[in-house]
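Summary of structural features
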Amino acid sequence: MGQPVREYLLTLCVTVAVTYLLTGPVRKFAIAAGAMPEIRARDVHREPTPRLGGIAMFGGLCAGLLVADHLQNLNGVFELSNEPRALLSGAALIWLVGVLDDKFEIDALIKLGAQMIAAGVMVIQGLTILWIPVPGVGTVALTQWQGNLLTVALVVITINAVNFVDGLDGLAAGTVCIAACAFFLYAYRIWFGYGIEAAAPATLFAAILMGMCLGFLPHNMHPARIFMGDSGSMLIGLVLAASAISITGQVDPDTMALFAGGERNATHAMLPVFIPLLLPLTIIAIPMADLFLAIVRRTWKGQSPFAADRGHLHHRLLELGHSHSRAVLIMYFWSGLIAFGAVAYSVHSASMWIVLAIAGLSALGLVLLLLPRFTPRAPRWAERLVPPRYRHAERAAEAALQEATGTEPLPARPIKAGVSGVNGATAVGPRSRFPDRRKAETSR
């Protein structure tokens, strides 16, 4: 089988184009259908925004699979494996449930049951985990029931993890796109580098998932014109889970161990055996951490694990003082660091430079994360020489107002004795320093 880089690129471009072009009409349809729910207390946006973006993403998925089925190299994935059909069946079911939820707000338990059914549909058609590598034991073959239960659990957890992280404009689509890109590099290396054709379906799923997210992101970046809704978040979560299940449960770890080489020590030789199990977990590490913390937080408060709140990781970034865009970029940074760091370590596990680079980037990420807590303030005599964000609040507001109006700042009014700093209607801020213009107005 030849190197299908061009075919993957063509599949990716078609998926991006179809998703992007469908999103505009889908937005108009969502507005006409009334899929614009009222703003809730936990929402970050301030204007009603249409949902149902998952319709365009599902169109991109279908287009990507259709194109791949007619390409010379990728056509073998459909001939030798039933996994693409299993993915499409489960995706169609979970997408339909998501569309109904975006319009009618389905109960959480009903959605959970639908997620299990969608996972079961994929299991019935052969997309399941057959074995798992266990440290100190080796490869352990699973019984049919064990593999089915583990597959359903992984699908449900991944879907809800992606759904939980979908709280800011462009966050879920960008995070999953980064994860899919890292997963594609790893799966493609196993397929073409090691010659293991069982990794071909996972490689195709990751490429199509990248296209779905990239095509939707231009419409979803802040300020978003449309949300993917549960129809989109559950869909991309299921595709990501299918990729992980395909490469974890279908690729024989003992086959990969043969390519580790005899010159490495035992630890490094066994690493490729466990990477298929560890990499899917590292790729969804950020959404999984958010899901776990949300369940613990809500259970600790005596609430239902499905009760919505404003305690997610992206909400905490906003509370720290980050802007909407910077909070999203920080989540992108950590997702990329964990996912690509795991891929790089799987390729050169003996290189200390990779470990040092990951540690250094992690330190940089912590600095960026806590930056609003340590924003320096310039002394008053130097405030005119630095950007407004480094000035004191009152001086920064004065400078911004002066720059916008092109006027010189007026001297502050003297405060009368016995008057407190909070003055009636100006309790939310300082009194205006503009002269009272009511005296100059003509009486009616």
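A short tour of the structure in this document, coming up. All values reported here derive from a predicted model rather than from experimental measurement. (Residues numbered from 1 in each chain as written. Predicted model: local features only at pLDDT ≥ 70, side-chain atom pairs only at ≥ 80, totals over all residues. Heavy atoms only, no water.)

Check the secondary structure of the protein and you find 16 helices and 2 strands. Looking at the protein as a whole, 46% of its 444 residues are labelled buried. Of the roughly 22,800 Å² that the protein leaves accessible, carbon and sulfur atoms contribute 65%. (Helix = DSSP H or I, 4+ residues; strand = E, 2+ residues; numbered from the N terminus. Buried < 20%, exposed > 50% of the residue type's maximum accessible area, 1.4 Å probe, protein only. Areas by Shrake-Rupley, 256 points an atom, 1.4 Å probe, with all protein chains shown as cover.)

Taken together, the side chains of Tyr 345, Met 352, Trp 353, Val 355 and Leu 356 make up a nonpolar region of the molecular surface, amounting to roughly 560 Å² of accessible area. Counting residues per element, the nonpolar patch draws most heavily on helix α15 (residues 352-369), at 4 residues. By secondary structure assignment, the location of Trp 353 is in helix α15. When its relative accessible area of 69% is taken as the criterion, Trp 353 is described as exposed. (Patch = residues over 30% accessible without salt bridge, like charges linked within 9 Å, V, L, I, M, F, W, Y side chains within 5 Å. Salt bridge = Lys/Arg side-chain N within 4 Å of Asp/Glu carboxyl O.)

Glancing now at the nonpolar core. By size, the foremost hydrophobic cluster in this structure holds 93 residues, and its most contacted members are Leu 61, Leu 204, Leu 209, Ile 236 and Leu 238. For this core, the element with the highest residue contribution is helix α7 (residues 171-194), accounting for 16 residues. Every residue in contact with Ile 236, bar those within four places of it in the chain, is listed here: Met 57, Val 162, Ala 172, Val 176, Leu 209, Met 212, Cys 213 and Met 228. (Core = buried A, V, L, I, M, F, W, Y, C linked by side-chain atoms within 4.5 Å. Contact = heavy atoms within 4.5 Å.)

Packing of helix α1 (residues 5-33) against helix α2 (residues 54-69) brings their axes to within 7 Å, and their N-to-C directions diverge by 150°. Here α2 runs roughly antiparallel to α1, going by the angle between their axes. Two packed elements cross with a definite hand, and for α1 against α2 that hand is right-handed. Contacts between α1 and α2 involve Leu 10, Thr 11, Val 14, Thr 15, Val 18, Thr 19, Leu 22, Thr 23, Val 26 and Phe 29 from the first element and Ile 55, Ala 56, Met 57, Gly 59, Gly 60, Leu 61, Ala 63, Gly 64, Val 67 and Ala 68 from the second. Class assignment for the residues of the contact of α1 with α2 results in 13 nonpolar, 7 polar and no charged. (Axes fitted to C-alpha atoms, helices over the stretch in contact; angles between N-to-C directions. Parallel < 35°, antiparallel > 145°, perpendicular 65-115°, else oblique. Left-handed = near helix turned anticlockwise from the far one by under 90°. Nonpolar A, V, L, I, M, F, W, Y, C, P; charged D, E, K, R; others polar.)

Right, let's talk about the environment of Ala 199 for a bit. With respect to the element layout, Ala 199 can be found in the loop between α7 and α8 (200-220). Sequence-wise, Ala 199 and Ser 243 are 44 residues apart; in three dimensions their C-alpha atoms are separated by 9.3 Å.

A covalent bond bridging the sulfur atoms of two cysteines is what the word disulfide describes. A complete count under the given rule lists 0 disulfides for this structure. There is no disulfide at Cys 213, and the cysteine sulfur nearest it, in Cys 177, is 5.4 Å away. In this structure Cys 213 comes out as buried when scored by relative accessible area, which is 0%. (Disulfide = S-S within 2.5 Å.)

So, about the pattern of salt bridges. Across all of its chains, the model carries 3 salt bridges by this definition. Across the pair Glu 105 and Arg 51 runs a salt bridge, and its minimum N-O distance is 3.3 Å. One end of the pair, Glu 105, is in the loop between α4 (83-104) and α5 (108-124); the other, Arg 51, is in the loop between α1 and α2, with 54 residues separating them in the sequence. Given the relative accessible area of 46%, Glu 105 is considered partly exposed. For Arg 51, a relative accessible area of 10% translates into the label buried.

Now for the packing of α7 against helix α14 (residues 324-347). Interaxial distance between α7 and α14 falls to 9 Å at its minimum, and their mutual angle equals 10°. For the element pair α7 / α14, the angle class is roughly parallel. Between α7 and α14, the residues in contact are Leu 171, Gly 174, Thr 175, Ile 178, Cys 181, Ala 182, Leu 185, Tyr 186 and Arg 189 and Val 328, Met 331, Tyr 332, Ser 335, Gly 336, Ala 339, Phe 340, Val 343, Ser 346 and Val 347, respectively.

Our focus in this paragraph is the side chain of Asn 220. Residue placement: Asn 220 occurs in helix α8. Overall, Asn 220 belongs to the buried group, its relative accessible area being 3%. Among the polar contacts made by the side chain of Asn 220, one reaches the main-chain amide nitrogen of Gly 170 at a distance of 2.9 Å. Setting aside residues no more than four positions away along its own chain, Asn 220 makes contact with Asp 169, Gly 170, Ile 226, Phe 227 and Met 228. (Polar contact = N/O pair within 3.5 Å; in protein donor to acceptor, adjacent residues only side chain to side chain.)

Structurally, Ser 335 can be placed in helix α14. A polar atom in the side chain of Ser 335 sits 2.9 Å from the backbone oxygen of Met 331. Those residues in contact with Ser 335, other than ones at most four positions away along the chain, are Thr 175, Ile 178 and Ile 286.

Further remarks concern the environment of Met 212. Counting through the fold element by element, Met 212 comes out in helix α8. Along the primary structure Met 212 and Met 57 are separated by 155 residues, whereas in three dimensions their C-alpha atoms are 5.4 Å apart. Aside from chain neighbours lying at most four places away, what touches Met 212 is Thr 15, Thr 19, Met 57, Gly 60, Leu 61, Leu 235 and Ile 236.

Cis geometry marks the peptide bond from His 222 to Pro 223; its omega dihedral reads -5°. Summarising the element assignment, Pro 223 is placed in the loop between α8 and α9 (229-249). Here Leu 52, not a glycine, exhibits a phi torsion of approximately 70°, which is positive. Relative to the assigned elements, Leu 52 resides in the loop between α1 and α2.

A full pass over the atoms with the stated rule returns 7 aromatic pairs. With 6.0 Å between their ring centres and 80° between their planes, Tyr 8 and Tyr 188 make a pair best called edge-to-face. Remark: Tyr 188 occurs in helix α7 and Tyr 8 occurs in helix α1; sequence separation between them is 180 residues. A ring pair is formed by Tyr 188 and Trp 191, whose centres lie 6.5 Å apart and whose planes are at 80°; its orientation type is edge-to-face. On the criterion of helical spacing, the pair formed by Tyr 188 and Trp 191 is a turn pair, its members being 3 residues apart in helix α7. The two residues Tyr 188 and Trp 191 agree in class, both being buried. An aromatic cluster is built from Tyr 8, Phe 184, Tyr 188 and Trp 191, whose rings are joined through pairwise contacts. (Phe/Tyr/Trp six-rings, centres within 6.5 Å; stacked < 30°, edge-to-face > 60°.)

Just geometry here; none of it tells us what the structure is for.
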